[in-house]
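# Descriptive structure summary
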Amino acid sequence: MLVSGTGSNLAALIEACEDPSYGAEVVGVVADKDCSGLERARAAGIPTEVVALTDHPDRAAWDEALARSVSGYAPDLVVCAGFMRLLGDAFLARFGGRVLNTHPSLLPDFPGAHAVRDALAAGARRAGATLFWVDAGVDTGQIIAQVEVPVRPDDDEASLTARIKAAETPQLIEQIHLLVAPGR
C-alpha cells in the first residue's frame, strides 16, 4: 500500500485481512513521508519504508525509487490509500493495470486534491467516493466502483469529508475482496 496520511483505509484493510477468507494480505506499506499510516502498519507487524521526494534530485528519480521500493514487496495489487502524490512513468510501467486509488468524489466530477471543497463550491447536491485503476492522468483511470453520498444543506468540508470517508472505506474493502477472491 501507498500512504501519505493517517492510514484509516490502511487500518480497515489490515483488519479485513485478519480474516483468512478475505483473500488478501498487506505485504508492505510505503509512504512519501513519515506519517501515522506507517505507525499503523508497524503496529501490525507490516514492513514499512519511506521514499521521500526530497531525497531525490527530481520527480523521475523519485518515481523510479518508489517503483523499486514497492517491487521489493512483490505485490499483486498496489493500493493508494490517501497517497497524495502522482505516480509517474517508471512506476506505471512496472505496475500499470494493478494500481488502485480511491478518490472523494464521483469521478469524473471534481478530480484533484480538493474534491470535497470543489464540490461544495460548485453547489453539488451529491458527492461520494470512486475506486479506480490508476493511469497517467489525474484521477482519470477506469472506474471500478462508486458510492454516492448526498450533500446536505448544512455540510461544510469537514462534515462532508467524514461522511464520504464512512462510505469510501467499506467500498474499498469490499472491492479489493472481489478483485482477489478465488474464481475471479
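Structural notes, computed from the coordinates.

Criteria and thresholds
Residues numbered from 1 in each chain as written. Predicted model: local features only at pLDDT ≥ 70, side-chain atom pairs only at ≥ 80, totals over all residues. Heavy atoms only, no water. Helix = DSSP H or I, 4+ residues; strand = E, 2+ residues; numbered from the N terminus. Rg over C-alpha atoms; globule rule 2.2 N^0.38 Å. Buried < 20%, exposed > 50% of the residue type's maximum accessible area, 1.4 Å probe, protein only. Contact = heavy atoms within 4.5 Å. Areas by Shrake-Rupley, 256 points an atom, 1.4 Å probe, with all protein chains shown as cover. Lys, Arg positive; Asp, Glu negative; His and termini not counted. Charge placed at Lys NZ, Arg CZ, Asp CG, Glu CD. Phe/Tyr/Trp six-rings, centres within 6.5 Å; stacked < 30°, edge-to-face > 60°. Axes fitted to C-alpha atoms, helices over the stretch in contact; angles between N-to-C directions. Parallel < 35°, antiparallel > 145°, perpendicular 65-115°, else oblique. Left-handed = near helix turned anticlockwise from the far one by under 90°. Nonpolar A, V, L, I, M, F, W, Y, C, P; charged D, E, K, R; others polar. Disulfide = S-S within 2.5 Å. Salt bridge = Lys/Arg side-chain N within 4 Å of Asp/Glu carboxyl O.

### A short note on the overall build of the chain
Assigned secondary structure in the chain consists of six helices and seven strands. Listed N to C, the secondary structure of the chain is β-α-β-α-β-α-β-α-β-α-β-β-α in terms of helices and strands. Computed over C-alpha atoms, the radius of gyration of the chain comes to 16 Å, within 12% of the 16 Å expected from 2.2 N^0.38 for 184 residues, which places it in the range of a compact globule. The principal-axis extent of the C-alpha atoms belonging to the chain is close to 45 × 40 × 30 Å. Sorting the 184 residues of the chain into buried and exposed places 44% on the buried side. Across the chain, the fraction of contacts at a sequence separation of at least 24, relative to all contacts at a separation of at least 6, is 58%. Counting every atom, the chain has about 9200 Å² of accessible surface; 52% of that belongs to carbon and sulfur. Here the chain holds 15 positive side-chain charges and 25 negative ones, and the gap between their average locations is 2 Å.

### Topic: the side chain of Thr130
Residue position: Thr130 is located in strand S6 (residues 126–133). Of the residues examined, Thr130 reaches a relative accessible area of 0% and is grouped as buried. With sequence-adjacent residues up to four places away left out, Thr130 is seen in contact with Asn101, Thr102, His103, Ser105, Leu106, Leu107, Ile143, Ala145, Gln146 and Gln171.

### Examining the packing of aromatic side chains
Going through the model one piece at a time under the given rule, you end up with two aromatic pairs. Ring geometry for Trp62 versus Phe83: centroids 6.4 Å apart, planes at 10 degrees, classification stacked. Here Phe83 lies in the loop between strand S4 (78–80) and helix H4 (89–95) and Trp62 lies in helix H3 (residues 59–71), a separation of 21 residues in the sequence. Taking the relative accessible area as the measure of exposure, Trp62 reaches 1% and is therefore buried.

### Re the packing of helix H1 (residues 8–17) against helix H6 (residues 157–180)
The contact between H1 and H6 brings their axes to 10 Å, and the two run at 40 degrees. On the basis of their axis angle, the class for H1 and H6 is oblique. Note that H1 runs across H6; the crossing there is right-handed. Two secondary-structure elements touch here, H1 through Ser8, Asn9, Ala12, Leu13 and Ala16 and H6 through Lys165, Glu168, Thr169, Leu172, Ile173 and Ile176. Residue composition of the contact of H1 with H6, grouped by class: six nonpolar, three polar and two charged.

### Observations regarding the state of the cysteines
Taken as a whole and assessed by the stated rule, the structure comprises zero disulfides. Take Cys35: it sits in no disulfide, and the sulfur closest to it among the cysteines is that of Cys80, at 13 Å. The buried category is assigned to Cys35, whose relative accessible area is 8%.

### Things to note about the pattern of salt bridges
Evaluated as defined, the whole model comprises seven salt bridges. Between Arg85 and Asp32 there is a salt bridge; the shortest N-O distance is 3.0 Å. Here Asp32 lies in the loop between strand S2 (29–31) and helix H2 (36–43) and Arg85 lies in the loop between S4 and H4, a separation of 53 residues in the sequence. By relative accessible area, which is 7% here, Asp32 ends up buried. The residue Glu157 makes a salt bridge to Arg117 at a minimum N-O spacing of 3.8 Å. Of this pair, Glu157 sits in helix H6 while Arg117 sits in helix H5 (residues 115–121), and the two are 40 residues apart along the sequence.

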